[in-house]
Amino acid sequence: MLDPFRGSFTQQEALPEAAVAAAIDVMRGGRLHRYNVAEGEQSSVSRLERAFADYQGARYCLACASGGYAMSLALRAAGVGPGDRVLTNAFTLAPVPGAIAGVAARPVLVDITEDLVIDLEDLRRKIASTGARVLLLSNMRGHLCNMDALVPLLDDAGIVLIEDCAHTMGAGWNGRPSGSFGLAGCFSTQTYKHLNSGEGGLLTSDNAEFMARAIMLSGSYMHYERHGAAPPREAFDAIRLETPNMSGRMDNLRAAILLPQLAALDENTRRWNARYDLLATRLSAIPGVVLPNRPQAEAYVGSSIQFRLPWVDEASAREFIAANKALGVELKWFGDADPIGFTSNHHSWTYIEPQDLKQTDRVLAGLFDMRIPLTFTLDDCEHIAGIIAHTLAHISLDGAA
């Protein structure tokens with residue numbers, strides 16, 4: 001009899017003691033608002049913005065209330081408005097098309113490949129056929145497309161690139177950080193991401209006019225000189241009175257608990273990847289299981305793992321999910337017609353126009369996903385892989401390779 005796995009797929013590590021102490025200091029001081037500082041003091045938010053800009057190698061950074069807000073803010077600051085078409089991956093999480101809809105723009109979904117990244121040939125076709133001028137690229141579940149091919153494609157077509165890096169904070173391509181390839185990078189600090197403030201986001205850019213507009217939109221109340229990683233004063237002169245306040249900059253409490261975590265990000269990346277690599281090795285050895293290719297140029301952060309069962313039908317997929325759950329392993333299936341938690345797909349986003357995405361639908365039909373919290377040990381990962389192998393050996397294999 002196989003022992004069930006008893007760990008929690010939603011249990012994150014405790015915050016470091018330095019983060020707890022920083023939070024207590026902020027609460028004792030009572031200055032939680034992003035601009036509430038004593039004379040000569042720099043806020044926790046400003047210090048976080050400077051630290052993350054330095055980590056990314058970016059000129060400017062804005063700390064936001066959420067990753068979704070950072071994306072909507074980036075689109076608005078880039079000039080996207082009602083009715084504009086915005087390209088994005090067909091395989092992503094709901095906040096991405098939600099950010100596009102949030103500025104009253106129209107998402108144009110681009111097919112993905114079997115490696116779960118944007119299909120560059122379909123992107124070429126949709127650039128030509130739609131007139132879209134912006135790509136909100138979702139590095140979904142931590143997978144980076146060939147950035148060396150994508151960037152010149154976009155440059156040649158005059159397409160503005162905004163990167164959704166919710167799953168790629170700390171990742172990179174050929175030594176260049178994810179989020180640094182276009183006009184802006186949008187990051188999340190929601191609990192299940194690589195830094196944990198419950199909810200939160202970060203927006204980075206090297207473009208002074210863009211970031212000045214984003215800071216004004218975020219609700220600076222003309223306090224833009226108090227930001228830790230903002231453009232110079234003159235960048236705000238032309239826009240400070242014409243840009244509406246849409247308050248959404250991060251508060252000092254969340255920023256305070258993020259600063260100590262940022263210092264540990266590279267070490268935590270190493271720990272995530274040790275767990276991911278073990279699982280990937282074990283799962284790829286199971287007949288019928290296909291993992292996405294990870295190119296040598298990609299420096300990933302393995303905080304979750306995806307695999308496909310290309311042969312699976314709906315009944316077998318449900319049987320597989322249920323069998324794993326009975327043994328304590330929580331898998332999500334992106335092929336489910338009914339969205340459960342974060343696993344919605346484009347068919348359930350009924351606020352956007354339906355789009356024909358047969359290639360994406362084929363990939364998602366057999367796609368399974370699993371979180372890898374750092375509370376799991378390497379032995380836990382061995383146990384989980386054994387359970388998945390066991391359940392696959394006992395489900396209906398009609399059509400399996």
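What counts, and at which threshold
- Residues numbered from 1 in each chain as written.
- Predicted model: local features only at pLDDT ≥ 70, side-chain atom pairs only at ≥ 80, totals over all residues.
- Heavy atoms only, no water.
- Pairing = 2+ DSSP bridges.
- Helix = DSSP H or I, 4+ residues; strand = E, 2+ residues; numbered from the N terminus.
- Contact = heavy atoms within 4.5 Å.
- Axes fitted to C-alpha atoms, helices over the stretch in contact; angles between N-to-C directions.
- Buried < 20%, exposed > 50% of the residue type's maximum accessible area, 1.4 Å probe, protein only.
- Parallel < 35°, antiparallel > 145°, perpendicular 65-115°, else oblique.
- Left-handed = near helix turned anticlockwise from the far one by under 90°.
- Core = buried A, V, L, I, M, F, W, Y, C linked by side-chain atoms within 4.5 Å.
- Right-handed = clockwise from strand over helix to strand, strands pointing away.

Peer 1: If you had to explain the sheet that holds strand 12 (residues 332-333) to someone new, which residues and values would you point to?
Peer 2: Spatially, 11-13-12 is the arrangement adopted by the three strands of the open sheet, whose pairing is antiparallel. The strands lining the two open edges of the sheet, one partner per strand, are strand 11 (304-308) and strand 12. Judged from the five bridges that link them, strand 11 and strand 13 (residues 367-371) form a sheet pairing that is antiparallel. Opposite Q306, over in strand 13, you have D369 as the bridge partner. The strands touched by helix 11 (residues 358-365) are strand 11, strand 12 and strand 13; relative to strand 13, the strand with the most contacts, the crossing angle is about 55°.

Peer 1: Can you tell me about unusual backbone geometry, naming the residues and giving the values?
Peer 2: Positive phi, normally seen in glycine, also occurs at R141, with a value near 55°. Residue position: R141 is located in the loop between strand 4 (134-138) and helix 6 (147-157). Here R141 falls in the buried class, since its relative accessible area comes to 10%. Positioned with a positive phi, N174 is a non-glycine residue whose angle comes to about 50°. By the secondary structure assignment, N174 is in the loop between strand 6 (172-173) and strand 7 (176-177). Judged by its relative accessible area of 51%, N174 falls in the exposed class.

Peer 1: Kindly report on the sheet that holds strand 2 (residues 85-89), identifying the contributing residues and their values.
Peer 2: Pairing in this open sheet of seven strands is mixed, and the strands run 1-9-8-5-4-2-3 from one edge to the other. The open sheet terminates on both sides in strands that have one partner only, identified here as strand 1 (60-64) and strand 3 (106-110). Averaged over neighbouring strand pairs, the angle between their axes works out to 20° when direction is ignored.

Peer 1: Account for the environment of I159, with residues named and values stated.
Peer 2: Here I159 lies in the loop between helix 6 and strand 5 (160-164). Owing to a relative accessible area of 7%, I159 belongs among the buried residues under this scheme. Between the alpha carbons of I159 and A132 there is a distance of 7.7 Å; along the sequence they are 27 residues apart. Those residues in contact with I159 that lie beyond four places of it in its chain are I127, A132, R133, V134, L135 and L154.

Peer 1: Please provide a residue-by-residue account of the packing of helix 10 (residues 314-326) against helix 12 (residues 378-394), values included.
Peer 2: Angle between the axes and distance between the axes: these two values describe a pair of packed helices. Two elements in contact, helix 10 and helix 12, have axes whose closest approach is 9 Å; the angle formed by their N-to-C orientations is 135°. It follows from the interaxial angle that helix 10 and helix 12 lie oblique. Two packed elements cross with a definite hand, and for helix 10 against helix 12 that hand is right-handed. Residue-level contacts link E319, F320, A323 and N324 of helix 10 to I387, I388, T391, L392 and H394 of helix 12.

Peer 1: How would you sum up the nonpolar core? Please name residues and give values.
Peer 2: Counting 35 residues, the largest nonpolar core has L62, L73, L75, V86, L136, I162 and L203 as the members making the most contacts within it. Setting aside residues up to four positions removed in sequence, L136 forms contacts with M71, L75, V86, L87, T88, N89, V96, I100, I162 and D164. Formed by 34 residues, the second largest nonpolar core is a distinct cluster that contains A280, F320, V329 and I388.

Peer 1: With reference to specific residues and values, describe the pairing of strand 3.
Peer 2: In terms of residue burial, strand 3 counts as a mostly covered element, since four of its five residues are buried. Sheet analysis places strand 2 next to strand 3, joined by five bridges and oriented parallel. Looking across to strand 3, one finds that L87 is bridged to V108. One crossover worth recording links strand 2 to the parallel strand 3 by way of helix 4 (residues 95-102), and it is right-handed.

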